[in-house]
Amino acid sequence: MNTIETYGIIQNLKTNTPADTLEKSPVRSLLDQYQEVIIRSLITSFGLDLLFVKDRHGGDVDTIHNVRAIQKGDSQFEGYANKNNQYDYETQSSYDKSTSAKYHSHKNYINRNREGAIKKEQGILQDAYTGKRISQNEKIDLDHVISAKEIQGDAGRILADADGVELANQSMNLKHTNRSINRSKGAKTTEQFTDSLDQMRPERQERINELSNQTSLDNREKKELNKLTQLESVDAKRMAAAEKKARDNYEKQLKSKYYTSTKFLNDTIQSSYALGIKMGLRQALGVILGELVMIVKAELPPFIKKMRASFDLQLFFKETAHIVKSAFKRISQKYKEIIHGFKDGLLSGILSSLANTLINIFVTTAKNTVKIIRESFSTIVEALKILILNPQNLPPGEVMKSVAILISTGASVVLGTVVVEAMRKIPALNIPIVGDVLTTFVGASVTGLVSVSLIYYIEHSKNVKKIMDWLNQSKSSMDYKLENFKKINTDLLEYVATLEKIDFHHLSKRVEMTHEIALQLTIAHSDLEINRTLTDIVQKYNIHLSYDGTIDGLTDFMNDSTSTLQFKL
């Protein structure tokens with residue numbers, strides 16, 4: 001009977017129960033499994049997480065997407081994952097007059113202004129935001145499509161350690177427009193600016209009509225009418241297209257610079273390694289504590305019963321020492337499982353951290369999502385180990401059953417995590433300490449009950465048994481290769497056994513003798529010399545012949561159909 005053991009989600013989960021136990025008391029056996037799984041689930045996936053693993057909203061590595069959410073005041077974040085990045089933001093995000101001067105004195109900004117002035121004089125300069133040709137007497141500005149203030153204060157830019165002045169003054173981000181439009185826009189985004197234009201449109205149009213119908217306007221009113229007319233002529237689609245093009249280019253450069261940087265690589269490696277170590281320790285300690293709890297659970301009732309009957313201090317210490325000794329012995333026998341638990345936890349921690357970081361490049365993962373990813377990778381690592389390595393050399397059907405059990409337990413942990421997250425949103429359960437303990441216990445209980453129920457079904461379902469039997473009958477190409485290797489190995493062992501019986505000293509002498517005879521025959525050139533050589537060889541090595549050694553004797557021997565030619569040394 002095979003015993004399937006897991007080290008990731010629920011430590012050392014026994015998937016087989018002795019048949020006689022099931023026949024005698026299946027309900028009791030099932031209850032025992034429920035109890036064991038719940039205990040192990042509390043210890044590992046829920047209990048030890050509080051000690052070893054602290055999941056963060058957004059993961060353990062700062063990403064451009066996440067630091068911008070922090071900048072906007074997303075309260076779900078606990079600050080930057082790397083405090084050095086937070087310090088950089090706090091010291092580099094301010095925008096004042098001296099900073100503004102740097103943005104507006106860049107060589108590319110100056111050159112584009114000169115080009116605009118020349119085109120304006122030639123009458124070929126077009127307003128980027130209205131699409132109209134700019135007249136020679138019109139006042140214009142060179143606008144940063146993504147404002148200098150936004151770029152300077154962008155947490156994503158600072159995280160990427162990119163030069164804001166250089167990024168702001170790229171040709172794609174510089175557009176000529178009417179001065180009134182530019183100064184009304186200020187540091188607003190296109191969406192913010194066009195929204196404000198839409199809100200003020202009725203009032204603006206009313207004022208335009210009012211000024212247009214006046215017979216005469218003073219200079220102030222003329223300037224006001226010109227400004228309102230320019231604002232009314234803004235093409236929102238054209239403006240949005242210009243910003244999209246500039247922003248796409250800006251984002252592309254930030255992502256390329258940051259996600260290929262040594263800073264991001266180092267943070268990713270450090271966070272994945274740290275989580276791997278924590279998960280490894282969690283898994284190893286889970287094995288130890290799980291065994292300890294089960295021993296205490298088995299030994300404590302009779303111990304208490306003895307103490308109740310007659311308390312004896314000497315007996316108390318003796319029984320306590322016995323429990324400790326039993327626990328130490330049982331745990332020491334589990335050293336392989338402890339090592340496997342650490343290795344599996346290490347690998348699943350590293351993989352889940354890398355996956356979480358990759359996801360957070362695009363979207364922010366919530367705390368419960370981080371845990372789900374982490375626990376899912378524990379299941380994946382163990383399932384792949386069984387599928388690829390098959391350490392217990394199980395047949396195909398048993399392999400698939402083991403994987404199904406792992407997936408079941410992993411899905412149960414995910415369900416338990418979702419239940420915990422849902423319960424924490426209930427105001428009545430937001431009680432310090434008590435609320436956390438209660439939600440953790442319920443989540444672990446759900447995990448245990450669901451996982452053991454699924455395992456019980458997998459173990460005793462007739463449909464599952466049919467599938468396993470069918471898989472066990474099929475052989476893969478690897479199975480055939482293994483059989484061939486086994487046969488070759490058996491043949492080699494038999495051949496080696498035969499060789500062991502040979503007297504190699506005697507064989508060596510015979511080889512030397514044969515070599516000498518061959519050499520003498522090679523030297524002989526005529527039939528007479530060959531006959532003499534053969535005669536000498538027969539006499540020297542005392543070779544027994546089936547005839548008398550003469551030509552006549554050989555002739556008589558060859559004519560006798562019943563004779564057998566033998567040479568004996």
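Now for a description of the structure that goes with this document.

Criteria and thresholds
Here the residue numbers are simple positions, counted from 1 along each chain's written sequence. Residue-level local features of this predicted model are given only where pLDDT is at least 70; pairs of side-chain atoms are given and counted only at 80 or more, and the full residue set underlies all totals for whole chains, interfaces and linings. Derived side-chain values reflect all non-hydrogen atoms in the structure, with water molecules and hydrogen atoms excluded from consideration. Helix and strand definitions here come from DSSP, where helices need a minimum of 4 consecutive H or I residues and strands a minimum of 2 consecutive E residues; each element is numbered from the N-terminal end. Throughout, exposure labels follow a simple rule: accessible area from a 1.4 Å probe, protein chains only, divided by the maximum for the residue type, with under 20% read as buried, over 50% as exposed, and the rest as partly exposed. Where accessible areas are quoted, they stem from the Shrake-Rupley method and a 1.4 Å probe; at the residue level, only the protein chains shown are allowed to cover. Think of a nonpolar core as a cluster: buried Ala, Val, Leu, Ile, Met, Phe, Trp, Tyr and Cys residues, connected wherever their side-chain atoms sit within 4.5 Å. When checking whether two residues touch, look at their non-hydrogen atoms; a contact exists if any pair is within 4.5 Å. Expected span of a helix: the number of residues minus one, times 1.5 Å. Our arc is simply the arc of the directions from the helix axis toward the C-beta atoms. Salt-bridge detection follows one rule: a side-chain nitrogen of Lys or Arg within 4 Å of a carboxyl oxygen of Asp or Glu. Every axis corresponds to a line fitted to the C-alpha atoms, with the helix fit spanning only the stretch in contact, and the corresponding angles, defined between N-to-C directions, vary from 0 to 180 degrees. Throughout, the term roughly parallel applies to angles under 35 degrees, roughly antiparallel to angles over 145, roughly perpendicular to angles from 65 to 115, and oblique to all others. In this scheme the handedness of a crossing depends on how the near helix is turned from the far one: anticlockwise by less than a right angle means left-handed, clockwise means right-handed. Think of it as three bins: nonpolar holds Ala, Val, Leu, Ile, Met, Phe, Trp, Tyr, Cys and Pro, charged holds Asp, Glu, Lys and Arg, and polar takes everything else, Gly as well.

Next up on the list: the overall build of the chain. Assigned secondary structure in the chain consists of 24 helices and two strands. Sorting the 569 residues of the chain into buried and exposed places 40% on the buried side. Of the accessible surface of the chain, which amounts to about 33,900 Å², a share of 59% is contributed by carbon and sulfur atoms.

Quick look at the nonpolar core now. Nonpolar side chains tend toward joint burial in soluble globular proteins. If you look at the biggest cluster of nonpolar residues, it comprises 34 residues, and the most contacted ones within it are F193, L254 and Y258. At the level of elements, α3 (64-71), α7 (148-153), α8 (155-159), α9 (164-168), α11 (190-212) and α13 (236-259) are the ones that each hand at least two residues to this core. Among the elements that make up this core, the one with the highest residue count is α13 (six residues). Beyond its immediate chain neighbours, meaning those up to four positions away, F193 contacts I181, S184, K185, K188, L231, V234 and M239. Counting residues in hydrophobic clusters, the runner-up holds six residues, among them M513, I517, I543 and L545.

Its 16 residues place the ends of helix α6 (residues 107-122) 23 Å apart at the C-alpha level, agreeing with the 22 Å of an ideal helix rising 1.5 Å per residue. Here α6 has its buried residues at N108, Y109, R112, G116 and K120. Buried residues of α6, seen end-on, are gathered within an arc of 110° and therefore sit on one face of the element. Pointing more than 90 degrees away from the buried face of α6 are the exposed residues K107, R114, E121 and Q122. Along its buried surface, α6 packs onto α5 (97-104), β1 (140-144) and β2 (174-178). Of the residues flanking the end of α6, it is G123, one or two places downstream, whose phi is positive at about 75°.

Once that is clear, we can look at unusual backbone geometry. With a phi angle near 55°, D161 is a residue other than glycine that sits in the positive phi range. Here D161 lies in the loop between α8 and α9. The exposed category is assigned to D161, whose relative accessible area is 56%.

Counted by the stated rule, this structure contains 15 salt bridges. A salt bridge links E210 to R207, with the shortest nitrogen-to-oxygen separation between them at 2.9 Å. Residue E210 and its partner R207 are both found in helix α11; the two are separated by three residues, about one turn of the helix. On the accessibility criterion, E210 (41% relative accessible area) is partly exposed. One network of salt bridges, with partners in common, ties together D198, R201, R204 and E232.

Packed helices, taken two at a time, are described by the angle between their axes plus the distance between the axes. Their axes nearest at 10 Å, the elements α11 and α13 cross at an angle of 165°. By the criterion of interaxial angle, the relationship of α11 to α13 is roughly antiparallel. α13 is crossed by α11, and the crossing has right-handed handedness. Taking contact as the criterion, the partners of T190, E191, F193 and T194 in α11 are, on α13, A236, M239, A240 and E243. In terms of residue class, the contact of α11 with α13 is made up of four nonpolar, two polar and two charged.

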